[in-house]
Structures are given as C-alpha cells and as structure tokens.
Amino acid sequence: MVITDAEVKNIEEKALAIRKTIVEMLEAAKSGHLAGPLGMTDIFAALYFHVLKHNPKDPAWAERDRLFLSNGHICPVRYSAMAHAGYFPVEECMTLRKFGSRLQGHPERDMLPGVETTSGPLGSGLSQASGYAYAARMDGKTFRVFCAMSDGEQEEGNTWEGAMFAGKYRLTNLTAIMDRNNIQIDGNTEDVMPLEPLADKYKAFNWHVIPIDGHNIQQFIEACDEAKSIKEKPTLILAHTTPGKGVPSIENDYRWHGAPPGKGPTDKVPADKQKDAFLEELQASAR
Amino acid sequence: MINPTAKLAANIFEKPDMASTREGFGKGVVEAGKADERVVVLTADLAESTQAHHFQKAFPERFIQVGVAEQNMATVAAGMANYGKIPFFTSYAAFSPGRNWEQIRTTIALNDLPAIACGMHAGVSVGPDGATHQALEDMAMMRALPKFTVISACDAEEGRKATLAAAKLGKPVYMRFGREKTPMMTTAETPFEIGKLNVFWRGEKPQVAIFGTGPLVHNALLAARELEKDGISSVVANVHTLKPPDPAIVSLAQETGAVVTVEEHQVHGGLGGAIAELLAKEAPTPIEFIGMQDKFGQSGTAAELIEHYEMGVLHIVAAAKEAIGRKKI
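Enquirer: Talk me through the overall build of chain B; I want residue IDs and the actual numbers.
Expert: Across its full length, chain B holds 11 helices and 14 strands. In terms of overall size, chain B behaves like a compact globule, its C-alpha atoms giving a radius of gyration of 19 Å where 329 residues would be expected to give roughly 20 Å. Seen along its three principal axes, the alpha-carbon backbone of chain B occupies a region of about 60 × 40 × 35 Å. Out of the 329 residues in chain B, the part that is buried amounts to 63%. Across chain B, the fraction of contacts at a sequence separation of at least 24, relative to all contacts at a separation of at least 6, is 80%.

Here it is in structure tokens:
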C-alpha cells in the first residue's frame, strides 16, 4: 500500500487536532496522563485514519480490525482519535473521568462501543489480543488484531507469557505496537528496570521486529504493511516515540507521565497558563 | 431421612461408588464440547491432572496448551471469550485463581465475558502435596468479584452437570473441583440448576439446617444420620452454588432456627461467609462454621487432614448441637 504525500499530510492534520483535544480534555478532567497520549498520537491518527479497517458508525462491525489497548492509561489518545474519526462528538471528550461519562479514566469495553477490552492494570493486553487472534484464526477470519502497549509494561511477567504464546502459535494476524518512550512513573525505564535489548528479546521469542520512528507516519504505515506480509511470526512494531510530543516544554520529561495541564511541573510554565501555552506550542510545532 | 425428590444414589451410605469431582469435569466438558463448537479448553501444563486431556483427545483443535503461565491462560481465555468462544481454563485452584486473580478481575469480570475458570485440587483433600497446593481461599476470592457465578460440586455427577450448565450460562463462572475420589451421592436423575440448592436429607420438624458444599456434603449426611440416632432432627442441603445465594437458605434457617455450614475452605469468605452475610440481614440465626479455621494445611492423607482440621462427621454433629444450644428460647 503506497501512501501519498497528500495522505500523510492529511493524517498529520488529524494528529494535530487529536493532540489539541487531548490537552483540552485532560485539563478539563483535572487528572490523567498527558505525555503518553501525545507521544502515541501520530500512530493513533495513522491507525484510525488509514490502517484500521473499521466503521465509526458501526463499532460492532464483525469484520473490523481489532485494536487492543494494553496500557489503558493512555486512553485519552484513543478517545480523541475515535471522536475525530466520528465515533462520538468531540465535545464528549470533555467528560473524560467525570461521573456518568462513557470515557472512564481507564477504558471500559462495556461503556464505550469501539473499545475492544477493559484495560489499565498493565501487562495483560498482549495475551488478550493473542487469545483473540488465536480464536479468530480458528474460524478463518481475515481481520487483523493490533495491540498497543507501553514499554514500562514490559516489566510485567504476563507480557512475556503472552509474547511466548503468540510466538509459539505463530499468530501472524497479530501486530503489536510498543510505545518505546523510555519513561515510566518513577523515572526513565533504563533506570527503573532496564528493558534493552528489546528488539533482540522479541526476536528471541520468535517475533518479527520492525523498529520505527513513531512520529514518522509513513514508516508506521509501511511497517503495518510489512507485518501483513510476514507469514511465520507475529510482528512487533517497536515505535520509538517522544513522550509529550508536540509540546516542546514537556517533551521527554517523565514528570509529565501522569499529570494533566494545570497540575504538572511549573518550572517552565505556571499551572494556570499550561493549557493555553501547550495549545500554542502544538500549533507552532505543526508549522 | 434421605429426600426422595433428590433422586440420590441407593448406596449413598453403604459402600458408595467413588469418583473425583474433577472426573465429572472431564466428562462434562467433552459433552459441552459436543453440544457447542464454541467450547474451547485451555490448560497450563496440567492436562491430565485437571482431566482436560479427555477434551484434548476428543477435540485437539479446540484444546490450547499455554504452558506454566496462569496469568497468560486467564488473559488468553478472556481474549477468546471476547471473540465469541466459550473457554474453560483449567489449573489447580491454588494457581488459578490463586495467581491470576487480577487478570480474571480486569479482563473477564469487568468485561463480563463468559469464560469459565476451573480450579482443581481444591481443599486440604489434595493431601500429600501440602499447604502450597491446598487452595482454601479460592471461593472467597471469586465470590468477591461482581459478575461471577461460583459453583462447588459435591460429587463427580454434579461436577459433570455443573460443567454443562456453566457452558450454557453465558456469564463468568468459577467452578471448584477436588482430586480425591469421594462418594457419589447424586445420580443422573438428581435435579441440578445453578443457584438452586438441593435438600438431600430432611427429618421431621428439623431443629438444625446443615448447609454443605463440595464432597464434605457426604460427611454432613453421615452427621445427620448420627444426629437422628441422638433424637435430633436435621435438614441437609447441598449448596453447590455459593453465588448467587439461593433464597431457600433463608427459609431453611427460619424453619430450623440453627445453622451449620460445612466446607473444605477457610471459614472466612466461603460458604460460611456467604450464608452469614445473607442470614445476618434476612434472618439472624446462630451459625456454627465447619471448615479451615484461619489456618493452612499440611501433608497427609485426605482422611487424616479432614479429621485433623475438624471437618469430620463427629465435628459436624458437635457443631449442630452447639448451634441448637445457642437458639434463643
């Protein structure tokens, strides 16, 4: 699948809109995670506006591709991307984490159509996606199963149990996407618990591994295409991303892992100015 | 006397047939697989001792070996149920739900998926393996989870029926099974419905209700016979479904005014806990609890351990008298 420059540009524009909504919805929620969602926005924009076979007007469409989100805490990027793709009005994003909202602090399958599984506790998404892919293959289904996961949750044993399972059963209909942003709550991943060499680890578990720049939409789309052509192994797209991408004043700062605009570190931007400053930074970065 | 409508085995007291509840699972899951091609079975390196190997032989293409990885087994099962399969995932109860409870909570209960957790080798009766392998907290763990139905079969035949019923339920289910061969009390004709207790024994004007679950129901029946010799009339109910609790528990407690609970599980949070919660609200009644008294087990034979931890026939008899003695005059 060749992608044109115009198509890439269109996805980049969607990514900017998704990021702005993420900043606004988190500020409105007064809690939640900012850095991870901004870091995964280019990939989610590419998924919802190019890669995934899906229908926002029929979230239960049987032939849709399935996107599991293992690290549920980055759900603002999924909610925002779904809203911009037409699953629900963008205004509903402002209900995030509020009483009665379908947009729970961590995503719930039974609350919001289009969310494939409930997630939040880390390390269990890859196994669920693997079980789903295994069952779909039993029935000869041709849709693809994607699993977005974080680098921090590679510290969970369950992740590697899932990786072993998918490798054993050669789940070629499964594509995992790892957000390799090098941060987690308590610091940089290599300080908290070194994860490297991640590519070699997955290769040793009988996976096909494609490292990419997670902000290069063309590379991501090409990697998804390559994954489809691999006939012996599941594929891991190891996406190197920048946490907080698009807002230079917070990029790569782990202190923004779990803070919304208005509640984060104030050494660069005062709390009451954070939302507007971040929106301006997003617009400026996009130019 | 034995309740005739329960259609129990004729030899229930004299040399009963013996079989383990897990054998009932092994048979039932093959029948469930024949009845519904969505049924799949997962094992974590314990195909034979969970009796899942019968299914493996009958339906190799629907049998999934996940290796020694119970967290993976629960989450793969969740993924398969999410797709539309009916997975039974099997291991020792000490490991599943013992080790993978959070995965069960998040990916099965919160998703409200029809995956069936089968915990084998439950109770001290697993014997020589010792305390690490004697699951005594599994029913408490699973009963605490919203959405889950919790079943503990009294014998192999009930285990078979429970397995078939669980496959049809369309909800998350936990089922508990034992390894030891125990008396066959029920027959093919014994009624079984999830959520409905069975009265196995009913004396005239019963003074105490003995609620049992699992193979210890047989000890409860033997205790009822002993009580009868002492001139004490009782009713014995087999409570195979701990959750949701049968409202008939309340009416039996009201009728008798004294209760004994019998289970091979910690007295906290299992059958005793469930009945205490129900009766405290609906019909406060003196209750005596037969079960593990906040202890771990140890190696030994099943019979030795049941006696040592005071779950034997005479312990139930004494508990019944104690409960009756606590009635307000």
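Enquirer: Can you break down the sheet that holds strand β10 (residues 208–212) of chain B residue by residue, with the values?
Expert: All names here are of chain B. What the 5 strands build is an open sheet, ordered β9-β11-β10-β13-β14; its pairing is mixed. Edge positions in the sheet fall to β9 (198–202) and β14 (287–292), since each has one partner strand and no second. Neighbouring strand axes in the sheet, compared pairwise and without regard to direction, differ in orientation by 20° on average. Relative to β14, strand β13 (residues 259–266) is paired through 5 bridges, and the arrangement is parallel. Residue pairing for β14: Gln 266 is matched across the bridge by Met 292. Sitting on the sheet, helix α8 (residues 248–256) touches β10, β11 (234–238) and β13, and the angle it makes with β10 is about 150°.

Enquirer: Please give an account of the interface of chain B and chain A that cites residues and values.
Expert: With 21 residues of chain B at the interface, the matching set in chain A holds 23 residues. Of all the elements, helix α3 (residues 70–83) of chain B adds the most residues to the side of chain B that touches chain A, at 10 residues. Across the side of chain B that touches chain A, the residue classes tally to 8 nonpolar, 10 polar and 3 charged.

Enquirer: Can you break down the packing of helix α7 (residues 217–229) of chain B against helix α11 (residues 313–325) of chain B residue by residue, with the values?
Expert: All names here are of chain B. Relative orientation of the contacting elements α7 and α11 amounts to 60°, with a least axis distance of 8 Å. The angle between the axes of α7 and α11 places the two elements in the oblique class. Crossing angle aside, the handedness with which α7 passes α11 is right-handed. Taken together, the residues of α11 that come into contact with α7 (itself represented by Asn 219, Ala 220, Leu 222, Ala 223, Glu 226 and Leu 227) are Val 313, Ile 316, Val 317 and Ala 320. Class assignment of the residues belonging to the contact of α7 with α11 gives a composition of 8 nonpolar, 1 polar and 1 charged.

Enquirer: Describe in detail the confidence of the model for chain B, supporting the description with residues and values.
Expert: Scored by pLDDT, chain B has a mean of 97; 100% of the residues are at 70 or more. Predicted complex metrics record ipTM = 0.93 and pTM = 0.95.

Enquirer: An account of the sheet that holds strand β6 (residues 149–152) of chain B is needed here, citing residue identities and associated values.
Expert: Paired through backbone hydrogen bonds, the strands of a sheet run either parallel or antiparallel to each other. Residues and elements named next belong to chain B. What the 7 strands build is an open sheet, ordered β3-β2-β4-β5-β7-β6-β12; its pairing is mixed. Each end of this open sheet is capped by a strand with a single partner; those strands are β3 (63–65) and β12 (241–243). On average, each strand axis in the sheet is tilted by 20° relative to the strand beside it, whichever way the strands run. The sheet contact formed by strand β2 (residues 39–43) and strand β4 (residues 86–92) spans 5 bridges and is parallel. In the sheet register, Leu 42 faces β4, and the bridge partner there is Phe 89. Against the sheet, α3 engages β2 and β4, with an angle of about 170° to β4.

Enquirer: Kindly report on helix α9 (residues 271–282) of chain B, identifying the contributing residues and their values.
Expert: All names here are of chain B. Taking 1.5 Å of rise per residue, 12 residues should cover 16 Å, and α9 covers 16 Å from first to last C-alpha, within 8% of that figure. If you check which residues of α9 are buried, you get Leu 271, Gly 272, Gly 273, Ala 274 and Ile 275. Packed against the buried residues of α9 are α5 (138–143), β10, β12, α8, β13 and β14.

Enquirer: Describe the domain arrangement of chain B, naming the residues involved and giving the relevant values.
Expert: Residues and elements named next belong to chain B. Domain annotation of chain B identifies domain 1 (4–14 + 191–325) and domain 2 (18–183). Taken together, the contact pairs 33 residues of domain 1 with 32 residues of domain 2. Those elements that provide at least two residues to the side of domain 1 that touches domain 2 are α7, β12, β13, α9 and α10 (302–308). Along the lines of polarity and charge, the residues of the side of domain 1 that touches domain 2 split into 14 nonpolar, 17 polar and 2 charged.

Quick notes on the rules
- Here the residue index of a chain counts from 1 through its sequence in written order.
- The naming scheme follows written order: chains are lettered A onward, ligands numbered 1 onward.
- Confidence filtering applies because this is a predicted model: local features only for residues at pLDDT of at least 70, side-chain atom pairs given and counted only at 80 or more, and all residues used for totals across whole chains, interfaces and linings.
- Counting from the N terminus, the helices are the DSSP runs of H or I reaching at least four residues and the strands are the DSSP runs of E reaching at least two.
- As defined in this context, the radius of gyration uses C-alpha atoms, and a globule is described by 2.2 Å times the residue total to the power 0.38.
- A residue is called partly exposed when the number of other C-beta atoms within 10 Å of its own lies between 12 and 20, exposed at 12 or fewer, and buried at 20 or more, with C-beta atoms placed from the backbone.
- Here contacts are defined at the residue level, using C-beta atoms placed from the backbone and a cut-off of 7 Å between them.
- For two strands to be treated as a pair, DSSP must find at least two bridges joining them.
- Between the N-to-C directions of two axes lies an angle of 0 to 180 degrees, each axis being a line fitted to C-alpha atoms and, for a helix, fitted only over the stretch in contact.
- Gly is placed with the polar residues, together with every amino acid not listed as nonpolar (Ala, Val, Leu, Ile, Met, Phe, Trp, Tyr, Cys and Pro) or charged (Asp, Glu, Lys and Arg).
- Each angle is binned into one of four classes, with values under 35 degrees roughly parallel, values over 145 roughly antiparallel, values of 65 to 115 roughly perpendicular, and all other values oblique.
- Handedness of a crossing is defined here by the sense of rotation of the near helix relative to the far one, left-handed for an anticlockwise turn of less than a right angle and right-handed for a clockwise turn.
- Here pLDDT means the predictor's own confidence in every residue, given as a number from 0 to 100.
- Every helix has an expected span of 1.5 Å times one less than the residues it contains.
- The split into domains, and so the bounds of each, comes from an automatic or database assignment of domains.

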